[in-house]
Amino acid sequence: MKTIKLFLSYISIGLLTIFSSCTEEEQFFPSLTSIPCEQSNVVPDPNIISDFQCQANVTLDGVETVLNPDESGANTSRFVGKYIDPTGPFDALIIDYGSSIDLSTFNTFKIKVKTNVAGTLKAKLEGGSSSGKEVDANITNTSSWVEYTFDFSDQFNQDHTKLVLFFNAGVETDGSDVYFIDDLKWVTTPDPCAGVAANLNVVNDFDCQKNQDVPEVELIANPLKSDINNSKFVGKYIDEMGSFDAVIIDYGEPINLSTNNVFKIKVLAPVEGILKVKLEGGTSAPIEKDASITKTGEWVEYSYDFSDQAMENHNKIVLFFNAGVETDGTQVYFIDDIKFEELSDTCNGVTPDLSVINDFNCQQNTTIPGFIPNSIVENPMTGDANPSDMVLEVIDDGTQAFDALIFESSRSFDLSTKNFFKIKILAERAVPLLVKLEGGTSPAKEVFIDLDVVGEWAEYTVDFTDQAGADHKKLVVFFNGAQSDGTPTDKYYIDDLRFAAFDPCDGVAANMDIVNDFECQQNYEITCCVTTEIVDNPDASGINTSSKVLKVTDNGLEAFDALVFDRGGVIGLSTKNQLKIKILSSRAVPLLVKLEGGTSPVKEIFISIDVVGEWTEYTVDFSDQADANHQKLVLFFNAGENDGTAADIYFIDDIKWE
């Protein structure tokens, strides 16, 4: 263990030793011929680890005091330290204080280095009750003294007992790399907030805008920097026992909500639950709003629209973490960037699409008169199935068979062509759903469907084609319709309620054995090179009655212009390796079929298009490619020939593997 010295006297026979022989290095950096510090009344500065002269306050094992090999530039000291880095990638110079390092004020570490070795210099704090903290610097100057700085200011309240230095970190060496070091010390960190004007719309960002005290919240280093929150400091809150333990931010005067009235907070949460925000403490009635924490272990920003409180009087912001749940008093929340912002209308200029009943964003074309609790919240499960930011959370009384969620329009729904109702639902359990049209001059129409997907977003379709000429102004949704086997607080999330025209491909799952049928199975993308267009089948008869086919316009003057289908991944040929393709051609021509684009050598097969004027299916045998790696299918019409026209026409369809 190293200890702090009260003063240093470098009186050592070793320092005055005269070697009988002189190595090349000693010719340039001779042994010491004088004492580094002859003063006897030096008062140690504990913030200086060592200057190898009069403030050598910590013994550095493995470091030899020598004459400065280059008294110029950033370091004109007479004496410095010499350290030879061992061979391991993470051998280290360990400075052990033996007790907690006081980082409250002096928390930036500095060291001067001269070396001819480029690499990473890693400084690490460790050895106490806090997690280790590493900061890197890059050594690129290999000719002069350079001072390197390591900002540990975010460790001001942490417990570390060791400062560890890794020279050329992560690299194995031959054990001969020399580093001259000097002036190892702790200094105060420059104030990054100097000159920053107060922004009173920020409650507290735990960095430069600490405009309101946040009781019971400790300032601490950000434990998980990310794109959402790369702040240096955040707040740490331990949720105390009790279902409604709260953080109370008291302004002591009315909060100005006239313009900036959307409350925002970033949270790194340990558990799912409700984060309730309440405004109170003034002359106005208290108001509270909820957000659901569904993501844990990552930073998420939550927003609360208090624009309806613009003219109200509140003095306090109250935060309830995991509201309503009895906790054990050990759950740690990290919070940051607590602020009020102006309500921004991202929907300005968006033209209403009245076929959309409600998407809870920019197309809110109906009102929700109530009856069962609902609120617009952040999407708890964004993804390909539903990338929307905002959705509707519905709390249904599952013990009531016919409690309803109503969407009411000021005008009749236009069902003349768009008469298939679509709705996205994230359900906790499989239940029946009753969908009802009513509220106009026509009789009500009811349809039952089954919610059969649980725990993820799914889109459901209800066929109202028999209502094409009907008059309805209300859409009514009954969750767990006609049943009473639920709980009083069954939860559903819904989104993107709309009327759509008939889609023959709706609900059709992709079959990757089909390259392209130019209708519902368009699984390989056309990426090159001839002109193509999906058109009506010019001869819907015989073996091909499909409504849509691909029209290929080939330059018959070019011998090898190609039509490329790209799967975007490896084509599975292990069992299905017979390519089928239907062709309607006006000429008998050769067709070159090619597999390429993977790690295997390309494979080419010629066949003959020998039937003219009618749909014919051709087969290409690629069974010898069962174990090959290909990603693209390429077709060359009239391959190798240039006896056509600049616009030869071919129709193709139903390209697939069997």
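Calculation criteria
Residues numbered from 1 in each chain as written. Predicted model: local features only at pLDDT ≥ 70, side-chain atom pairs only at ≥ 80, totals over all residues. Heavy atoms only, no water. 1 Å grid on protein atoms, 1.4 Å probe; cavity = no way out; pocket = protein on both sides within 12 Å on 5 of 7 lines; lining within 4 Å. Points joined across faces, edges and corners; volume = space filled by probe spheres on them. Helix = DSSP H or I, 4+ residues; strand = E, 2+ residues; numbered from the N terminus. Pairing = 2+ DSSP bridges. Axes fitted to C-alpha atoms, helices over the stretch in contact; angles between N-to-C directions. pLDDT = per-residue confidence, 0-100. Contact = heavy atoms within 4.5 Å. Buried < 20%, exposed > 50% of the residue type's maximum accessible area, 1.4 Å probe, protein only. Lys, Arg positive; Asp, Glu negative; His and termini not counted. Salt bridge = Lys/Arg side-chain N within 4 Å of Asp/Glu carboxyl O. Polar contact = N/O pair within 3.5 Å; in protein donor to acceptor, adjacent residues only side chain to side chain. Phe/Tyr/Trp six-rings, centres within 6.5 Å; stacked < 30°, edge-to-face > 60°. Disulfide = S-S within 2.5 Å.

A few points about the layout of surface pockets
Here the largest pocket defines a volume of roughly 1,600 Å³. In this structure, the largest pocket is lined by 44 residues; those nearest its centre are Ser 303, Ile 376, Val 377, Glu 378 and Met 390. The set of elements that each furnish at least two residues to the lining of the largest pocket consists of strand E15 (260-268), strand E17 (287-293), strand E18 (299-305), strand E20 (331-342), strand E22 (374-378) and strand E23 (390-396).

Let's talk about the sheet that holds strand E7 (residues 133-139)
Sheet strands associate in pairs through backbone hydrogen bonding, adopting either a parallel or an antiparallel arrangement. Ordered in space as E4-E9-E6-E7, the four strands form an open sheet in which the pairing is antiparallel. The open sheet has two free edges, formed respectively by strand E4 (93-96) and E7, since each of these has just one partner strand. Pairwise comparison of adjacent strand axes, ignoring direction, gives a mean angle of 15° for this sheet.

Side note on the confidence of the model for the protein chain
The pLDDT averaged across the protein chain works out to 91; a share of 95% of its residues lies at or above 70. The least confident element of the protein chain is helix H1 (residues 13-16), whose mean pLDDT is 32; the most confident is strand E36 (residues 578-585), at 98. Within the model, the stretch residues 1-31 combines pLDDT values under 50 with 45 contacts to residues more than four positions away or in other chains.

Some details on the side chain of Asp 517
Here Asp 517 is to be found in the loop between strand E31 (514-516) and strand E32 (525-529). Of the side chains bearing the opposite charge, Lys 656 lies closest to the buried Asp 517, which forms no salt bridge; the N-O distance is 9.2 Å. A polar contact of 2.9 Å, which involves the side chain of Asp 517, links it to the backbone nitrogen of Glu 519. In this structure the side chain of Asp 517 is engaged in a polar contact, spanning 2.9 Å, whose partner is the backbone nitrogen of Gln 521. Discounting residues that sit within four places of it in the chain, Asp 517 has contacts with Gln 522, Lys 548, Asp 653 and Asp 654.

Considering the packing of aromatic side chains
A complete count under the given rule lists 21 aromatic pairs for this structure. Both rings, one in Tyr 83 and one in Phe 167, keep their centres 5.1 Å apart while their planes meet at 40°; by these two values the pair is tilted. Of this pair, Tyr 83 sits in strand E3 (residues 79-85) while Phe 167 sits in the loop between strand E9 (162-166) and strand E10 (177-188), and the two are 84 residues apart along the sequence. Note on accessibility: Tyr 83 and Phe 167 belong to one class, buried. Ring centres of Phe 637 and Tyr 650 lie 4.6 Å apart, and the angle between their planes is 20°; on these two criteria the pair is classed as stacked.

Describing unusual backbone geometry
Omega for the bond connecting Cys 528 with Cys 529 falls within 30 degrees of zero, at -15°, which places this linkage in the cis form. Within the fold, Cys 529 resides in strand E32. Even without being glycine, Asp 183 reaches a positive phi, approximately 50°. On the secondary structure map, Asp 183 appears in strand E10. In this structure, Asn 480 is a non-glycine residue whose phi angle is positive, near 55°. The residue Asn 480 is located in the loop between strand E29 (474-479) and strand E30 (490-500) in this model.

Here we look at the environment of Gly 252
Mapped onto the fold, Gly 252 is located in the loop between strand E14 (246-250) and E15. Here Gly 252 falls in the exposed class, since its relative accessible area comes to 61%.

Topic: the pattern of salt bridges
All chains considered together, the criterion is met by 34 salt bridges. Residue Asp 490 pairs with Arg 429 through a salt bridge whose shortest N-O separation is 3.4 Å. Residue Asp 490 is located in strand E30, and its partner Arg 429 is located in the loop between strand E25 (420-427) and strand E26 (431-438); the two are separated by 61 residues in the primary sequence. The class for Arg 429 is partly exposed, based on a relative accessible area of 27%. As a salt-bridge pair, Lys 576 and Asp 513 come within 2.9 Å of each other at their nearest N and O atoms. Taken together, the residues span a long stretch of sequence, with Lys 576 in the loop between strand E35 (563-566) and E36 and Asp 513 in the loop between E30 and E31 at a distance of 63 residues. Classification of Asp 513 by relative accessible area gives partly exposed; the value is 27%. Each of the salt bridges in this network shares a partner with another, and the network as a whole consists of Lys 122, Lys 124, Glu 126, Glu 134 and Asp 136.

Section: the state of the cysteines
This model, assessed by the stated rule, comprises five disulfides. Put simply, Cys 37 and Cys 54 are joined by a disulfide, and their sulfur atoms are 2.1 Å apart. An S-S torsion of about 100° defines the bridge between Cys 37 and Cys 54 as right-handed. In this pair, Cys 37 is assigned in the loop between helix H2 (24-28) and strand E1 (48-50) and Cys 54 in the loop between E1 and strand E2 (63-67), connecting sequence segments 17 residues apart. There is a disulfide in this structure between Cys 193 and Cys 208, and the S-S distance comes to 1.9 Å. Between Cys 193 and Cys 208, the disulfide has an S-S torsion of -80° and is therefore left-handed. Here the residue Cys 193 occupies a position in the loop between E10 and strand E11 (202-204), and Cys 208 occupies one in the loop between E11 and strand E12 (218-221), the gap between them amounting to 15 residues.

Points about the sheet that holds E14
The antiparallel open sheet is built from four strands, whose spatial order is E14-E19-E16-E17. With one partner strand each, in any of the chains shown, E14 and E17 form the two edges of the open sheet. Ignoring strand direction, the axes of neighbouring strands in this sheet form an average angle of 15°. When E14 meets strand E19 (residues 316-320), the two strands line up antiparallel, connected through five bridges.

Describing the side chain of Ser 284
Assignment of secondary structure puts Ser 284 in the loop between strand E16 (273-280) and E17. Reaching out from Ser 284, the side chain makes a polar contact with the side chain of Glu 312 at a distance of 2.7 Å. One polar contact links the side chain of Ser 284 to the main-chain amide nitrogen of Asn 313, over a distance of 2.7 Å. When neighbours within four sequence positions are excluded, Ser 284 is seen to be in contact with Glu 312, Asn 313 and His 314.

Brief notes about the environment of Trp 145
Of note, Trp 145 is situated in the loop between E7 and strand E8 (146-151). C-alpha separation for the pair Trp 145 and Ser 72, spaced 73 residues apart in sequence, amounts to 7.9 Å. A polar atom in the side chain of Trp 145 sits 3.0 Å from the side chain of Asn 68. There is a polar contact of 3.1 Å between the side chain of Trp 145 and the backbone oxygen of Asp 70.

What to know about the pairing of E2
With four of five residues buried, E2 is to be regarded as a mostly interior element. Here E2 runs beside E3; their pairing, made up of five bridges, is antiparallel. Considered in E3, the bridge of Glu 64 is made with Lys 82.

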